[in-house]
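# Results of the structural survey
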Amino acid sequence: MVRRRAISPEDKAPASQKLPLLYRTLVPLAPERHADLRLGETRDFSFAATANAIPLTVDEIPTSMRDYPIVLAAGDPATPVALVGFEQGKNSFVDADGAWQAGAYVPAYVRRYPFGLVRESAEADRHILCADLSSTLFEQGDSGQPLFNEDGSAADAATRALEFCQRYVAATERTRAVMREAQELGLIGPSEVTITRDGVKRKVDGFAIISEEKLRALDDAKLADLVRRGVTTIFAAQQLSLANFSHMGEG
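Notes on the structure follow. Just so you know, these numbers come straight off a predicted model, no measurement behind them. (Residues numbered from 1 in each chain as written. Predicted model: local features only at pLDDT ≥ 70, side-chain atom pairs only at ≥ 80, totals over all residues. Heavy atoms only, no water.)

### A look at the overall build of the chain
Each helix and strand in the chain was counted, giving eight helices and eleven strands. Its C-alpha atoms give the chain principal-axis dimensions of roughly 60 × 45 × 35 Å. Looking at the 251 residues of the chain, the share that counts as buried comes to 44%. Surface accessibility of the chain: about 13800 Å² in total, with carbon and sulfur atoms responsible for 50%. Averaging the locations of the 29 positively and 35 negatively charged side chains of the chain gives two centres separated by 3 Å. (Helix = DSSP H or I, 4+ residues; strand = E, 2+ residues; numbered from the N terminus. Buried < 20%, exposed > 50% of the residue type's maximum accessible area, 1.4 Å probe, protein only. Areas by Shrake-Rupley, 256 points an atom, 1.4 Å probe, with all protein chains shown as cover. Lys, Arg positive; Asp, Glu negative; His and termini not counted. Charge placed at Lys NZ, Arg CZ, Asp CG, Glu CD.)

This is the structure we're talking about:
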């Protein structure tokens with residue numbers, strides 16, 4: 001059982017706050033409250049052990065296609081996700097020691113944790129660096145990397161986290177734009193696959209993909225535009241990734 005770091009009442013997320021996948025809290029980091037907080041040196045992925053699907057950005061699809069089936073989860077617009085487990089609540093790429101499978105691509109969503117950016121208000125453009133303070137990746141005391149310097153300024157660990165989260169937000173915005181365009185063009189359709197595990201065939205459905213048939217049916221001008229912008233490369237990578245379903249069926 002994973003042990004969570006104890007957090008103070010003022011650092012708990014409001015009951016009304018809808019938390020992203022994997023996060024148990026998400027609170028703004030402040031030197032006056034978190035001066036003693038340090039990021040551990042060892043990367044433990046136990047926090048993702050029960051997630052069998054991880055969100056992806058379009059930037060990651062060409063790389064992720066080597067390791068995972070990539071499908072589209074329902075939404076407006078749809079969200080690309082890497083299927084990392086055959087069974088609900090089981091990530092096959094995280095072992096009992098919390099290590100990610102050697103050689104497999106680790107999605108940015110997972111690498112971003114335990115940090116995240118939250119918009120200051122619905123109308124504001126400014127984002128605030130927040131963190132899941134229940135995470136066991138944080139430590140207190142002398143070990144680990146401090147998040148704040150003695151003068152209250154952001155230390156290197158916090159600066160790197162902020163920059164990574166900013167790049168991630170930009171990538172998610174690009175992803176929404178691509179998926180929204182695919183949706184408007186009618187390229188997203190439901191799909192299913194039958195895989196064999198331990199000699200038993202099982203049908204996996206309830207997901208969507210970019211339809212190759214619908215893509216080919218586009219008029220020449222629109223298809224050429226997608227090709228020039230590199231969008232068809234992303235779509236092709238998603239389609240090719242479905243071959244990884246065969247690996248998920250190995251018992």
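### Quick word on the pattern of salt bridges
As enumerated under the stated definition, the model contains seven salt bridges in all. Notably, a salt bridge pairs Glu-181 with Arg-229, separated by 2.6 Å at the nearest N-O pair. One end of the pair, Glu-181, is in helix 4 (residues 156-184); the other, Arg-229, is in the loop between helix 6 (220-228) and helix 7 (231-241), with 48 residues separating them in the sequence. On the accessibility criterion, Arg-229 (43% relative accessible area) is partly exposed. Of the charged contacts, one joins Asp-225 and Arg-229 as a salt bridge, the two residues approaching to 2.8 Å between their closest N and O atoms. When salt bridges that share partners are traced, they join Glu-181, Lys-222, Asp-225 and Arg-229 into one network. (Salt bridge = Lys/Arg side-chain N within 4 Å of Asp/Glu carboxyl O.)

### Quick word on the environment of Ala-171
Note on placement: Ala-171 falls in helix 4. Given a relative accessible area of 6%, Ala-171 falls into the buried group. With 112 residues separating them in the primary sequence, Ala-171 and Asp-59 have C-alpha atoms 6.8 Å apart. With residues up to four places along the chain from it excluded, the contact list for Ala-171 reads Thr-57 and Asp-59. (Contact = heavy atoms within 4.5 Å.)

### Looking at the state of the cysteines
This structure, assessed with the given rule, holds zero disulfides. Here Cys-130 is not disulfide-linked; the sulfur of Cys-165 is the nearest cysteine sulfur, at 9.2 Å. The class of Cys-165 is buried, set by a relative accessible area of 2%. (Disulfide = S-S within 2.5 Å.)

### Some thoughts on the sheet that holds strand 6 (residues 115-119)
In a beta sheet, neighbouring strands are held together by backbone hydrogen bonds and run either parallel or antiparallel to one another. One open sheet holds the three strands; their spatial order is 1-7-6, and the pairing between them is antiparallel. Two strands bound the open sheet, and with one partner strand each, they are strand 1 (27-28) and strand 6. The sheet contact formed by strand 1 and strand 7 (residues 127-131) spans two bridges and is antiparallel. The residue bridging Pro-28 from the neighbouring strand is Cys-130, located in strand 7. Strands strand 6 and strand 7 of the sheet are contacted by helix 4, whose axis makes an angle of about 60° with strand 6. (Pairing = 2+ DSSP bridges. Axes fitted to C-alpha atoms, helices over the stretch in contact; angles between N-to-C directions.)

### Examining the sheet that holds strand 9 (residues 145-146)
Strand order in the open sheet formed by three strands is 8-2-9, and the pairing between neighbours is antiparallel. Two strands bound the open sheet, and with one partner strand each, they are strand 8 (138-140) and strand 9. Two elements, strand 2 (residues 37-39) and strand 9, share two bridges in a ladder whose sense is antiparallel. Across the sheet, the residue bridging to Leu-39 is Gln-145, located in strand 9.

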